[in-house]
Structures are given as C-alpha cells and as structure tokens.
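Observations on the model geometry
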Amino acid sequence: MPYTDPRQERPEHEIVMSKRETLSITGVRHVESFDNEEFLLETVQGYLSIKGKQLQMVNLDVERGHVSLKGRIDDLLYIDEPGPQETKGLFSKLFR
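Residues numbered from 1 in each chain as written. Predicted model: local features only at pLDDT ≥ 70, side-chain atom pairs only at ≥ 80, totals over all residues. Heavy atoms only, no water.

This next bit is on the pairing of strand β2 (residues 22-26). Inspection of the sheet shows strand β1 (residues 14-18) paired to β2 by five bridges, in the antiparallel sense. Following the sheet pairing, valine 16 is matched in β2 by serine 24. Between β1 and β2, which pair antiparallel one after the other, the connecting turn spans three residues, and lysine 19 there sits at a positive phi close to 55°. As defined by bridge partners, β2 adjoins strand β6 (residues 66-79) across five bridges and the pair is classed as antiparallel. (Pairing = 2+ DSSP bridges. Helix = DSSP H or I, 4+ residues; strand = E, 2+ residues; numbered from the N terminus.)

Put into structure tokens, the structure is as follows:
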C-alpha cells in the first residue's frame with residue numbers, strides 16, 4: 001500500500017455546524033481573538049468572525065488547524081483580506 005500524507009486527505013477549509021450549538025472548523029491558521037460573544041479566526045480562506053452567546057472553545061489543534069466551539073451561534077461572516085489602503089479599517093469595522 002503506498003504512503004499517503006494525512007494532510008492531503010483532510011479538507012483545506014470546512015465548517016460543520018450542528019443545531020447552531022456546535023461548530024467545527026478546519027483550515028484555521030490563527031485564533032486572533034475570542035471571548036464569550038465573538039471569535040475572530042484567520043483561516044486559509046480569509047478572516048472568519050463568529051458571533052453568538054456563551055461561546056466556548058472546546059478544542060484547539062494548532063498542528064491540524066482545527067477549532068471546535070460550542071454555544072449559541074448567531075452569525076458567521078468572512079472578512080476578505082484587506083488591501084494596502086484598507087488595513088486600518090478592517091478591525092475598526094469588526095469592533096464597532
């Protein structure tokens with residue numbers, strides 16, 4: 001049987017949500033910030049903002065780029081990579 005690299009078998013970026021209570025995300029590069037109402041993750045597809053109530057991180061696997069959350073999930077929003085002139089406004093838009 002030929003050797004296969006396990007990193008090639010898993011999806012680059014995927015989100016699985018169940019009942020708006022649990023969220024599993026792959027392709028996470030970095031956790032920028034988090035509290036019980038908002039998580040900001042850098043993924044391979046751009047920044048992802050997750051808003052809700054009583055959010056908690058259940059699992060963080062940095063090597064595999066996997067994050068699991070639980071709580072009430074109200075909003076998922078991708079934020080495109082900022083251009084040179086948009087850099088200052090990215091975080092001000094997020095945290096109004």
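Moving on, there is more to tell.
With that settled, consider the nonpolar core. Core analysis: the largest hydrophobic core is formed by 12 residues, namely Leu23, Ile25, Val28, Val31, Phe39, Leu41, Leu48, Ile50, Leu55, Val67, Leu69 and Ile73. Aside from chain neighbours lying at most four places away, what touches valine 28 is Leu41, Glu42, Thr43, Gly65 and Val67. (Core = buried A, V, L, I, M, F, W, Y, C linked by side-chain atoms within 4.5 Å. Buried < 20%, exposed > 50% of the residue type's maximum accessible area, 1.4 Å probe, protein only. Contact = heavy atoms within 4.5 Å.)

A few words now on the environment of isoleucine 50. Looking at where isoleucine 50 falls in the secondary structure, it is placed in strand β5 (residues 46-61). Between the alpha carbons of isoleucine 50 and glutamate 37 there is a distance of 8.2 Å; along the sequence they are 13 residues apart. Those residues in contact with isoleucine 50 that sit more than four places away from it in its chain are Leu23, Ile25, Glu37, Glu38, Phe39, Leu41, Leu55, Leu69, Ile73, Asp75 and Leu76.

Let us look at the sheet that holds β6. Spatially, the six strands line up as an open sheet ordered β1-β2-β6-β5-β4-β3, and their pairing is antiparallel. Each edge of the open sheet carries a strand with a single partner, namely β1 and β3 (28-34). The mean angle between the axes of side-by-side strands here comes to 35°, regardless of whether they run parallel or antiparallel. (Axes fitted to C-alpha atoms, helices over the stretch in contact; angles between N-to-C directions.)

With that settled, the discussion passes to unusual backbone geometry. Positive phi outside glycine occurs at lysine 19, with the angle close to 55°. Considering the arrangement of structural elements, one finds lysine 19 in the loop between β1 and β2. Phi at glutamine 54 is positive, roughly 50°, even though this residue is not glycine. Counting through the fold element by element, glutamine 54 comes out in strand β5. Judged by its relative accessible area of 65%, glutamine 54 falls in the exposed class.

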